[in-house]
Amino acid sequence: MKVLIMSDSHGLTHEISMIADRHKQEVAAMIHCGDSELERNDPHMAEFLAVGGNCDYDSAYPDDIVENISGKRFFVTHGHLYNINMTLMNLTYKSEETGANIICFGHSHAAGSEWIDGKLFINPGSIRQPRGRKEKTYAILEIGNDQLEIIYYDLEGKIVEDLRNAYQIE
């Protein structure tokens, strides 16, 4: 089972549609971690579980979403309300409160994943303004029986190999 995760698209529409169309037949869910800068009812956002970021001014977006997908509990937020540029501790506490084992967030525009105390933290980066690398990225999480694999892609759909990670499920 696969889940598409993107964030920080900052007004892009063609790119959101291109990525969604590229992968929608292979994924069970699509997540947007905020700062789309689009209205919640914008057709480009229709297929996404989406949260609001610090650049989203449509109050129809929730700050957080907790969702069960393929037997995993996801916590989705933008990250600005949890001070993610300084620490993941606040997200760790929130994941414990919500029982989430996969935490998806954006805000920093820095792509990466980290396994901390049996929880997977995923930042898909930004498809508009990446930080820390040149590639504009999004991610697909593949959930297997005994492992979670996170694969990052650039806008053209090419795998960004140095970001790819697999984690054993305990």
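So, how was this worked out
Residues numbered from 1 in each chain as written. Predicted model: local features only at pLDDT ≥ 70, side-chain atom pairs only at ≥ 80, totals over all residues. Heavy atoms only, no water. UniProt positions renumbered as here; feature names shortened; annotations may be inferred. Pairing = 2+ DSSP bridges. Helix = DSSP H or I, 4+ residues; strand = E, 2+ residues; numbered from the N terminus. Buried < 20%, exposed > 50% of the residue type's maximum accessible area, 1.4 Å probe, protein only. Arc of directions from axis to C-beta. Contact = heavy atoms within 4.5 Å.

The name that an unreviewed UniProt entry assigns to the protein chain is Phosphoesterase, with the source organism given as Peribacillus castrilensis. Quoted verbatim from the Cofactor (unreviewed entry) field of UniProt, the annotation for the protein chain is "a divalent metal cation". UniProt, in its Sequence similarities (unreviewed entry) section for the protein chain, records the words "Belongs to the metallophosphoesterase superfamily. YfcE family."

Colleague: Help me out: how do you make sense of the sheet that holds strand 9 (residues 137–143) in this one?
Modeller: Ordered in space as 3-2-1-9-10-11, the 6 strands form an open sheet in which the pairing is mixed. Whereas interior strands pair on both sides, the edge strands pair on one side only; in this sheet they are strand 3 (49–50) and strand 11 (165–168).

Colleague: It is not clear to me how helix 1 (residues 14–23) should be interpreted in this structure. Could you clarify?
Modeller: Each α-helix winds once per 3.6 residues, and so residues spaced three or four apart point in a common direction. Those residues of helix 1 lying buried are Glu15, Ile16, Ile19, Ala20 and His23. Within helix 1, the buried residues cover an arc of 130° as seen down the axis, which keeps them to one side. Each element contacted by the buried residues of helix 1 is listed here: strand 1 (2–6), strand 2 (29–32), strand 9 and strand 10 (147–154).

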